[in-house]
Structure formats: C-alpha cells, structure tokens
Amino acid sequence: MPDIDIRITGRAGRITLTRPKALNAMTYDMCMAIDTALRNWREDDTVDLVIMDAEGDKAFCAGGDIADLYETGIKGNFDFGRTFWRDEYRLNALIFEYSKPVVSFLQGFTMGGGVGIGCHGSHRIVGESSRIALPECSIGLVPDVGSTLMLALAPGRLGEYLGTTGHHMGPGDAIFAGFADHYIPISQWPDLIEMLEASGDAELLATHSTTPPESELAKQQAKIDAHFAGESLGDILNSLSQSDLELATKALELMGRNSPLSMACTVEILHRLRGPSLTQRKALELEYRYTFRAMEHGDFLEGIRAQIIDKDRNPRWQFADQTVPAIAVSKMLQPLGKETLTFEET
C-alpha cells in the first residue's frame with residue numbers, strides 16, 4: 001500500500017511509514033497492515049526482530065489521521081472511531097507484548113498514535129531531532145494508545161505534567177521519562193539498520209548508544225512534583241495559579257488551551273493506574289472507556305473543529321471555567337459493559 005512499506009530484509013521484518021508530507025500520520029489501513037505483519041512474523045523463524053522507521057526528517061509519526069474520524073463523527077456515526085481506537089489499542093498491546101525485539105527509530109515528531117507504535121517496543125531509539133509528546137487534551141481526548149502506562153510509571157508526577165500540558169520531550173527528556181531507551185546520532189541510523197538486518201541481533205544497539213543530552217525535566221522534577229501531586233485537576237490548577245515560577249506560568253498557558261474534561265480525566269486515569277496491578281492492558285482498557293465516549297459525550301469533535309477544520313483555535317469546551325465536576329469524570333470513565341475493550345489470549 002502507498003502509505004507504508006512492509007517487507008523482510010535479511011533477518012529483520014521491516015516496517016517503514018511512507019507519508020512524510022503528512023508527517024507519517026497513521027490511517028486505519030496502516031494500523032491494520034502493521035497488525036497483520038506482526039502476527040505473521042511472530043511465527044516466522046526467518047524473522048529475528050522487527051525494525052520500524054519512517055521516511056522524512058520531520059516526523060516518525062505525528063499521530064493518527066483524524067480526518068475520517070471527524071467526518072464520520074459529525075454525522076453521528078461513532079462506530080468508525082470506536083472501531084479505529086479498538087483495533088489500534090489491540091495493536092499497541094501486540095507490540096508491547098511481542099515475543100521478538102521491536103526496534104523503533106524515532107526522528108522528529110512522535111506524537112499520539114506515533115507513540116502507540118513507536119514507544120511500546122523493546123528498543124526505542126532517539127536522536128538529535130526527536131520530539132515526543134502527547135497533545136491529546138488539546139483535541140478533546142486523553143493520552144491514549146497505551147501512553148498512560150508510561151505516564152503512570154514516569155518519575156514522580158511527570159505523568160500528570162506531560163499528559164495535561166502536552167509538553168514536547170527532547171531526546172534526554174524522553175529517556176528520563178521512560179519513552180525511549182537509547183540515544184544514537186541520526187547519522188548512524190542507516191548503517192545501524194543494515195547491521196540489524198544482517199545480524200538479527202538487537203543487542204548491538206547498546207554498544208552504539210551514547211550519552212543523551214541533559215534532561216530538562218529532570219532539572220524541574222521537584223517543582224513539577226510539588227504542583228502536580230493534587231488529587232484532581234482543580235487541585236493542580238489551584239497550586240499552579242498560586243505560584244510565580246516560570247514553570248507554573250507556562251503550564252497554565254498550555255493547559256488553558258486544552259479541554260478541561262480531558263485533563264481532569266487524564267489525572268484520574270493516572271491515579272487509578274498507579275499501583276501493583278498496573279498493566280498495559282489495564283491502561284488501554286481504561287483509555288478506551290474515554291475514547292468510546294469521546295465523540296458523543298466529550299469534546300473531541302469540537303476540538304478537531306477548532307484545531308484542524310476551522311482552525312479558529314477557539315474551541316468551545318465543556319466546563320470552560322476549568323471546574324470539572326467529579327461526576328462528569330466518573331461518567332466518562334465508567335465501565336463499558338459488553339463494549340469493554342478485549343484482547344486476544346497470548
């Protein structure tokens with residue numbers, strides 16, 4: 001298919017996203033093509049590892065292709081979106097649980113759906129241009145594609161900070177927060193991919209890994225923890241509004257653009273996930289409760305209208321005063337019953 005190149009080269013299953021002009025945004029067909037390839041290669045003894053990369057310098061994958069989601073949603077057809085998210089989340093789980101090494105090369109922007117395919121594998125490579133972010137709250141969603149697992153596991157309260165602000169992580173930040181493993185200069189990637197294809201040995205990545213740039217998030221860790229430890233979005237906003245720190249001012253500015261309902265639900269999801277029973281499947285199932293309802297009851301369609309369609313950057317959010325009742329959060333995250341996200345048995 002024109003948007004993705006799937007093949008076997010040497011000992012490697014190769015997946016290359018080929019939509020550089022669209023920042024390699026993921027379509028439903030691309031998602032299902034990756035799913036099919038991974039299932040086939042899982043049982044193929046000639047494939048020792050999987051390598052994911054993308055054409056172009058600007059992005060590995062800047063998110064999901066949401067045009068079709070909007071067009072169907074405004075017509076009252078919520079099933080297309082629900083099917084997209086359900087199958088995408090199952091792919092995210094497949095990558096996370098894959099029995100063979102999955103190596104991803106994350107140049108430029110990796111956001112939203114790109115995190116779902118690029119940041120769940122066993123070996124996640126970043127370079128000088130890498131920028132990883134979860135901007136879903138700006139379009140009326142919550143961080144999804146399994147990203148809430150990484151947010152819940154991130155040091156301190158970085159998860160709440162990254163999830164509610166959409167802060168862009170450079171390579172050092174991405175490694176510190178748990179979204180990447182190795183920093184390798186991008187100029188070395190082509191030769192490294194050839195070595196991986198020839199050898200099928202993912203362990204050689206560690207020998208090429210170098211010291212990443214310093215993490216700005218690590219420097220700000222204590223301040224972030226102090227302001228983002230509240231039980232609710234309201235607690236966090238109240239703490240930030242009483243601070244004269246530059247970090248607080250910037251966080252409030254970023255959060256002021258986002259859906260209050262989305263941010264409140266993001267905080268609640270992370271609080272529910274933390275603990276000994278945290279699993280990737282639990283994270284995805286909880287995210288799906290929100291996205292299943294996002295078009296009908298959330299701010300998703302309005303967020304897309306304001307950001308992508310009309311581009312007026314003036315969304316009419318629910319709870320625009322940023323006071324989100326606990327009952328509104330509970331309704332978005334209540335169990336789905338027979339619509340609960342399920343996974344194949346492995």
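Residues numbered from 1 in each chain as written. Predicted model: local features only at pLDDT ≥ 70, side-chain atom pairs only at ≥ 80, totals over all residues. Heavy atoms only, no water.

A. Layout of the overall build of the protein. A tally of regular secondary structure across the protein gives 16 helices and 9 strands. Across its three principal directions, the C-alpha atoms of the protein cover 55 × 45 × 40 Å. Split into buried and exposed, the 346 residues of the protein put 56% on the buried side. Considering only intrachain contacts with a sequence separation of at least 6, the fraction spanning at least 24 residues in the protein is 74%. When the accessible area of the protein is evaluated, it comes to approximately 14200 Å², of which 51% is carbon and sulfur surface. Distance from the positive charge centre (32 side chains) to the negative charge centre (49 side chains) of the protein: 4 Å. (Helix = DSSP H or I, 4+ residues; strand = E, 2+ residues; numbered from the N terminus. Buried < 20%, exposed > 50% of the residue type's maximum accessible area, 1.4 Å probe, protein only. Contact = heavy atoms within 4.5 Å. Areas by Shrake-Rupley, 256 points an atom, 1.4 Å probe, with all protein chains shown as cover. Lys, Arg positive; Asp, Glu negative; His and termini not counted. Charge placed at Lys NZ, Arg CZ, Asp CG, Glu CD.)

B. Spatial organisation of the side chain of Thr291. Examined against the element boundaries, Thr291 turns out to sit in helix H14 (residues 280–294). Those residues within four positions of Thr291 in sequence are excluded, and the remaining contacts are Trp85, Tyr89, Leu141 and Asp144.

C. Molecular detail of the nonpolar core. Counting 95 residues, the largest nonpolar core has Ile34, Leu38, Phe179 and Phe300 as the members making the most contacts within it. For this core, the element with the most residues is helix H13 (residues 260–273), which contributes 8 residues. In this structure, Leu49, Ile51, Ile125 and Ile193 belong to the second largest nonpolar core, which totals 14 residues. (Core = buried A, V, L, I, M, F, W, Y, C linked by side-chain atoms within 4.5 Å.)

D. Molecular detail of the pairing of strand S1 (residues 4–9). Alignment of S1 against strand S2 (residues 12–17), held across 6 bridges, turns out to be antiparallel. The residue bridging Asp5 from the neighbouring strand is Thr16, located in S2. The hairpin turn running from S1 into S2, its antiparallel successor, is 2 residues long, and Gly10 in that turn takes a positive phi close to 60 degrees. (Pairing = 2+ DSSP bridges.)

E. Local environment of the environment of Gly230. Structurally, the position occupied by Gly230 is in the loop between helix H10 (216–227) and helix H11 (233–241). With 131 residues separating them along the chain, Gly230 and Ser99 place their C-alpha atoms 38 Å apart. In this structure Gly230 touches Asp235, Ile236, Val267 and His271, once residues within four positions along its chain are discounted.

F. Up close: the sheet that holds strand S5 (residues 102–106). Here 6 strands make up an open sheet; going across it, the order is S1-S2-S3-S5-S7-S9 and the pairing mixed. Each edge of the open sheet is held by one strand with a lone partner, namely S1 and strand S9 (182–183). Along the sheet, helix H1 (residues 28–42) makes contact with S1, S2 and strand S3 (49–54), crossing S1 at roughly 15 degrees. (Axes fitted to C-alpha atoms, helices over the stretch in contact; angles between N-to-C directions.)

G. Expanded view of unusual backbone geometry. In this structure, Leu23 is a non-glycine residue whose phi angle is positive, near 55 degrees. Assignment of secondary structure puts Leu23 in the loop between S2 and H1. On the basis of relative accessible area, Leu23 is assigned to the partly exposed category, the value being 29%. Phi at Gln322 takes a positive value of approximately 70 degrees, unusual for a residue other than glycine. Considering the arrangement of structural elements, one finds Gln322 in the loop between helix H15 (300–309) and helix H16 (326–333).

H. Inspection of the packing of aromatic side chains at higher detail. Applying the stated criterion across every chain yields a total of 7 aromatic pairs. Note on Trp85 and Phe300: the rings are 5.5 Å apart at their centroids and 75 degrees apart in plane angle, and the pair reads as edge-to-face. With Trp85 in helix H3 (residues 79–96) and Phe300 in helix H15, this residue pair connects regions lying 215 residues apart in the sequence. An identical accessibility class is assigned to Trp85 and Phe300; each is buried. An aromatic cluster is defined as three or more aromatic residues linked by ring pairs; in this entry it consists of Tyr28, Phe80 and Phe84. For Arg82, the ring lying beneath its charged end belongs to Phe292, and the centroid distance is 3.8 Å. (Phe/Tyr/Trp six-rings, centres within 6.5 Å; stacked < 30°, edge-to-face > 60°. Lys NZ or Arg CZ within 6 Å of the ring centre and 35° of its normal.)

I. Representation of the packing of H13 against H16. Taken N-terminus to C-terminus, the directions of H13 and H16 make an angle of 70 degrees; their axes are 10 Å apart at the nearest point. By the angle between their axes, H13 is roughly perpendicular relative to H16. Taken as a pair, H13 and H16 cross one another with a handedness that is right-handed. Contacts between H13 and H16 involve Leu261, Ala264, Cys265, Glu268, Ile269 and Arg272 on the former and, on the latter, Ala328, Val329, Met332 and Leu333. (Parallel < 35°, antiparallel > 145°, perpendicular 65-115°, else oblique. Left-handed = near helix turned anticlockwise from the far one by under 90°.)

J. A look at H10. Here H10 contains 12 residues, and its C-alpha end-to-end distance of 17 Å stays within 8% of the 16 Å for a straight helix at 1.5 Å per residue. Residues of H10 that are buried include every one of Leu217, Gln221, Ile224 and His227, and no others. Buried residues in H10, looked at end-on, bunch into an arc of 150 degrees, giving them a common side. For H10, the exposed residues lying more than 90 degrees away from the buried face are Ala222 and Ala226. Contacts made by the buried residues of H10 are with helix H6 (158–165), helix H7 (171–177), H11 and helix H12 (246–255). Two to three positions downstream of the cap, the backbone nitrogen of Leu217 sits 3.3 Å from a side-chain oxygen, assigning the N-cap of H10 to Ser215. (Expected span 1.5 Å × (residues − 1). Arc of directions from axis to C-beta. Polar contact = N/O pair within 3.5 Å; in protein donor to acceptor, adjacent residues only side chain to side chain.)

K. Looking closely at the side chain of Thr27. Along the polypeptide, Thr27 turns up in the loop between S2 and H1. The class for Thr27 is buried, based on a relative accessible area of 16%. Apart from residues no more than four positions distant in its own chain, Thr27 is found in contact with Asp3, Arg19, Asp65 and Phe84.

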